[in-house]
Amino acid sequence: MQKNIKNISETEQELELIFTADEFANDYEQELEEAKKTVQLKGFRKGHAPAGLIKKLAGPAVEASIAEKLASKHFGEIVESDKIKTASRAGIIDFTFTPEQLSVRLGYEVHPEFDLKDFSGYSFTRSVYTIDDAAVEKEINLILKGHGTMVSVDEAATATDTVIGDVVKLTESGDEGEGKTENHHFNLEYLPEENPFRKAIEGKKAGETVEVETPGQNEGDAPVRFRVSISEIKRMELPELTDELVKEITGQRFESVTDFRADVKIQLDEHFSMKSEEDLLESISAKLIDENPVATPKTMVASFSNMLVENAKRQMGGSFPKAFDTDQFQTAMQPNAERHARWLIISQKIAEMNNLEIDEAAIREYAEKEAAKNTAMNAEELMKTYMSADFRDYVTDTITKEKIYEIIKAKVSITDEATPVPDHRG
């Protein structure tokens, strides 16, 4: 067998395989004989049609089958022997068959060859969040909201109130037009501070009427005006935090306000510690992606694009709304998918440069670390799960990612910076 590898681009190759008759004749005759047994031709008993006629009718299919079989057999061997980093499956572009020679041309994608830029001089900042009493109190209030009551108030609307009113679009002359919306709920807490409706409604009381002007839908369009007739202001009334309420909202896990507060602080500490690390790793990967603009295989980008679309579907309850333009969304996700693909290539390069391999000892170390986080877990049981066929690839990938970040963090400069806990709403 003769092989010829041709680079089409940084991420595409073609492989030509040329076989002599000695290498394919036996397989060809065997498949032709099988075809002879199954082909039914008018005027001949099954299995007794002339060989020349069988060759004419079944020959093209047999030739294609032999080409696929030999290409599949030898492609894997060549990839291993030549250390080709494939990024997609190989597909037959074309083949030529004669009694003396079979030539098969395969196309496939590969990881690009590149030199990773030295990142040892890079500097990063890691946010360090301090959870104080005020942060704990805010979190507890968010929890209490789920057990609070909305009550009407005869006061001016504040930034956390819900304003209910009838909304009607105005004509150019200022008259009320069509399309009135009754009892529309404006939750001011969730409207941006610069939102025209929030700016007009906040500070107003039930019974008042305000006019709101919003920008046109497209650039150059005239502003759109609305009239809002406020009928009610509702405010969240939180229950008093007592030991009894703590038992109720925690399912008897905690019996006192003191223990509950302590747990809230622990949960916040863990959450923001994790956020701090995730933000740092995000900035690290972003920097390396920007500094190493490597080519990305189309198959790899398509895979990440599909993953992003499926993630978006899950966030919307499993499917997109009927009017949702999936193609447009996928196009919008393309740059993000390309960055995901680029980071995968870069991280694999780092793993290769550092001879990173995940063996059984590394998996055991990971199992023991996970078991230490939760006393209900047993390291040996976790080890059995991690080593199973269903989980080993996933666990290996997880450990690899962790070790790659450890390698990077050991070489770069990281400065801790005290950061206020960001506001978040329940």
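Residues numbered from 1 in each chain as written. Predicted model: local features only at pLDDT ≥ 70, side-chain atom pairs only at ≥ 80, totals over all residues. Heavy atoms only, no water.

As annotated in an unreviewed UniProt entry, the protein is Trigger factor from Pelodictyon luteolum. In its Function (unreviewed entry) section, the UniProt record describing the protein reads: "Involved in protein export. Acts as a chaperone by maintaining the newly synthesized protein in an open conformation. Functions as a peptidyl-prolyl cis-trans isomerase." Listed under Subcellular location (unreviewed entry) in UniProt, the entry text for the protein is "Cytoplasm". (UniProt positions renumbered as here; feature names shortened; annotations may be inferred.)

Colleague: An account of the overall build of the protein is needed here, citing residue identities and associated values.
Modeller: Secondary structure assignment for the protein yields 11 helices and 11 strands. Taking 2.2 N^0.38 as the reference for a compact globule, 426 residues should give roughly 22 Å; the C-alpha atoms of the protein span a radius of gyration of 33 Å, well beyond that estimate. Principal-axis analysis of the C-alpha atoms places the extent of the protein at approximately 100 × 60 × 45 Å. The proportion of buried residues among the 426 residues of the protein is 34%. (Helix = DSSP H or I, 4+ residues; strand = E, 2+ residues; numbered from the N terminus. Rg over C-alpha atoms; globule rule 2.2 N^0.38 Å. Buried < 20%, exposed > 50% of the residue type's maximum accessible area, 1.4 Å probe, protein only.)

Colleague: I'd love a proper account of the sheet that holds strand β1 (residues 2–9), names of residues and values included.
Modeller: The pairing of strands in a sheet happens through backbone hydrogen bonds and is either parallel or antiparallel. Pairing in this open sheet of 4 strands is antiparallel, and the strands run β1-β2-β4-β3 from one edge to the other. Whereas interior strands pair on both sides, the edge strands pair on one side only; in this sheet they are β1 and β3 (91–97). On average, each strand axis in the sheet is inclined to that of its neighbour by 15°, with strand direction left out of account. As defined by bridge partners, β1 adjoins strand β2 (residues 12–20) across 7 bridges and the pair is classed as antiparallel. When the sheet's bridge partners are listed, K6 is paired in β2 with E14. (Pairing = 2+ DSSP bridges. Axes fitted to C-alpha atoms, helices over the stretch in contact; angles between N-to-C directions.)

Colleague: If you had to explain the packing of helix α9 (residues 360–373) against helix α10 (residues 379–386) to someone new, which residues and values would you point to?
Modeller: Close contact between α9 and α10 brings their axes to 9 Å; oriented N to C, the two are set at 130°. Relative to α10, α9 is oriented oblique. For the pair α9 and α10, the sense of crossing is right-handed. The residues of α10 that touch α9, namely those facing E360, I363, R364, Y366, A367, E368, E370 and A371, are A379, E380, L382, M383 and Y386. (Parallel < 35°, antiparallel > 145°, perpendicular 65-115°, else oblique. Left-handed = near helix turned anticlockwise from the far one by under 90°. Contact = heavy atoms within 4.5 Å.)

Colleague: Can you explain the nonpolar core? Please cite residues and give values.
Modeller: Judged by nonpolar contacts, the single largest core of 33 residues is most densely connected at F119, I284, L288, W343, I346, I350 and I408. Contributions of two or more residues to this core are made by α6 (257–291), α7 (298–315), α8 (326–353) and α11 (392–411). Among the elements that take part in this core, α8 stands out by supplying 9 residues, more than any other. Leave out the neighbours within four places in its chain, and I350 touches L116, F119, L288, I404, I407 and I408. (Core = buried A, V, L, I, M, F, W, Y, C linked by side-chain atoms within 4.5 Å.)

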